[in-house]
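Chain by chain, the residues run as shown.
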Amino acid sequence: MVLRDVLMNLSKNELLNTAAQKYGLKLGAQSIVAGTNVQEMIDSVKKLNASGIEATIDRLGEFVVDETVAIKAKDEILDVIDAIHTYGLHAHISVKPSQVGLDIDIDFCYDNLREIVEYAEQYHIFVNLDMENYERLQPTLDMLKELHKIFDNVGTVIQAYLFRSKEDIEQLKDCRLRIVKGAYQESEEVAYQDKLDIDINFLELIEYHLLHGKFTSIATHDHNIIHHVKRFVADHNISNDQFEFQMLYGFRTDMQKELANHYRFCTYVPFGEDWYGYFMRRLAERPQNINLVTKQVFNKKTNTLLAVAAGAFLLGRLSKRK
């Protein structure tokens, strides 16, 4: 938990975020971020598709408090939808509501999300509303429910570390859902703090939606969870068309390819310059992820916790100074 707190605090550090944007991709962050622009993202997704892997594409950015910035983000997401259609990519969209105005005004945000979902619908492209921290959960679900009254190509994320997730998943069984452990720092009043409790709830949520829900995306790098799901779907004769495994771009790439040989598989593909907060939360979500990316992202070894925690930028800089 100490390491998780360190990583979460670092994820909010504006100085490190700015530095990471400036230097990160030069120091190896390209292993976990699929480029800084649409064309680089397209090239990355094409390579995944060639291996039988689908993609969910996240144009990085969040916690926007300026309408102009939110509209720009929305327009760039529409450009991603155009790219998926034009290049025939096997991919869909992931959108953080705070990127398109949730922290500005909920009606403004809803209008932006509706435009995105409606635009994607004409190309039969699915849109996933990424779930953020707890204070943004209910507004996101409220907007999802309104959108789902009109569109079938929209779903969201259920976070296993939250106490309320069982109730939420029951209410959303008619939606396509991505089920995750959770990546934000939440209080003990609303969230499990112990890994075992989170894992138990994670499996219960997965099993419930596989049996009672619509399409299920199981997002994890945990091989124990993956092996459990394999046994569960076999025991219950659940078709491979009803679920997929998901992992993050650049993590456990060999396992991704192996799973794609036998199951539907989707890689979460982030792109853009605003990668630092995203990356740090991924490490905080499961600190073992550090071991999954150090060989791929970092060129030099270090035992400095701060260097590892600060991501590709600090690790590269500190390694050079030694």
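Cut-offs used in this document
- Residues numbered from 1 in each chain as written.
- Predicted model: local features only at pLDDT ≥ 70, side-chain atom pairs only at ≥ 80, totals over all residues.
- Heavy atoms only, no water.
- Pairing = 2+ DSSP bridges.
- Helix = DSSP H or I, 4+ residues; strand = E, 2+ residues; numbered from the N terminus.
- Axes fitted to C-alpha atoms, helices over the stretch in contact; angles between N-to-C directions.
- Contact = heavy atoms within 4.5 Å.
- Buried < 20%, exposed > 50% of the residue type's maximum accessible area, 1.4 Å probe, protein only.
- Arc of directions from axis to C-beta.
- Parallel < 35°, antiparallel > 145°, perpendicular 65-115°, else oblique.
- Left-handed = near helix turned anticlockwise from the far one by under 90°.
- Nonpolar A, V, L, I, M, F, W, Y, C, P; charged D, E, K, R; others polar.
- Right-handed = clockwise from strand over helix to strand, strands pointing away.
- Phe/Tyr/Trp six-rings, centres within 6.5 Å; stacked < 30°, edge-to-face > 60°.
- Lys NZ or Arg CZ within 6 Å of the ring centre and 35° of its normal.

**Points about the sheet that holds strand 6 (residues 216-219)**
- Taken together, the eight strands give a closed barrel; going around it, the order is 1-2-3-4-5-6-7-8, and neighbouring strands pair in parallel fashion. Adjacent strand axes in the sheet meet at a mean angle of 30 degrees when their direction is disregarded.
- As paired elements, strand 3 (residues 127-129) and strand 4 (residues 154-159) share three bridges and run parallel to each other. In the strand pairing of strand 4, Val 127 is matched with Val 154.
- Where helix 3 (residues 38-50) meets the sheet, it contacts strand 1 (54-59), strand 2 (91-95) and strand 8 (265-271), and its direction lies at approximately 165 degrees from that of strand 8.

**Here we look at helix 10 (residues 253-260)**
- Among all positions of helix 10, only Gln 256, Leu 259 and Ala 260 are buried. Buried residues of helix 10, seen end-on, are gathered within an arc of 100 degrees and therefore sit on one face of the element.
- Turning to helix 10, the residues buried within the fold contact helix 9 (223-235), strand 7 (243-248) and strand 8.

**Points about the packing of helix 8 (residues 195-212) against helix 9**
- The N-to-C vectors of helix 8 and helix 9 enclose an angle of 30 degrees; their axes lie 11 Å apart at closest approach. In terms of orientation, helix 8 and helix 9 fall into the roughly parallel class. Between helix 8 and helix 9 lies a crossing whose hand is right-handed. Touching Asp 199, Phe 202, Leu 203, Ile 206, Glu 207, Leu 210 and Leu 211 of helix 8 are Ile 225, His 228, Val 229, Phe 232 and Val 233, all from helix 9.
- Looking at the contact of helix 8 with helix 9, its residues break down into nine nonpolar, one polar and two charged.

**Some thoughts on the side chain of His 209**
- With respect to the helices and strands, the residue His 209 is situated in helix 8.
- Exposure remark for His 209: the relative accessible area of 0% places this residue in the buried category.
- If sequence neighbours within four positions are ignored, His 209 has contacts with Ile 169, Leu 172, Lys 173, Cys 175, Leu 177, Ile 179, Lys 214, Phe 215 and Thr 216.

**A few points about the pairing of strand 4**
- Counting buried positions along strand 4 yields six of six residues, so the element is predominantly enclosed.
- Crossover strand 3 to strand 4 through helix 6 (residues 137-148) is right-handed.
- Inspection of the sheet shows strand 4 paired to strand 5 (residues 177-180) by four bridges, in the parallel sense. In the sheet register, Gln 159 faces strand 5, and the bridge partner there is Val 180.
- Once you follow strand 4 into helix 7 (residues 165-171) and on to strand 5, the crossover reads as right-handed.

**Remarks on the packing of aromatic side chains**
- Summed over the entire model, instances satisfying the criterion amount to five aromatic pairs.
- Ring geometry for Tyr 119 versus Tyr 123: centroids 5.8 Å apart, planes at 85 degrees, classification edge-to-face.
- The class for Tyr 123 is partly exposed, based on a relative accessible area of 24%.
- Ring geometry for Phe 243 and Tyr 263: centres 6.0 Å apart, planes at 50 degrees, overall tilted. Within this pair, whereas Phe 243 is found in strand 7, its partner Tyr 263 is found in the loop between helix 10 and strand 8, the two being separated by 20 residues in sequence. Residues Phe 243 and Tyr 263 agree in their burial class; the two are buried.
- The side chain of Arg 176 reaches across the aromatic face of Phe 126, ending 4.3 Å from its centre.

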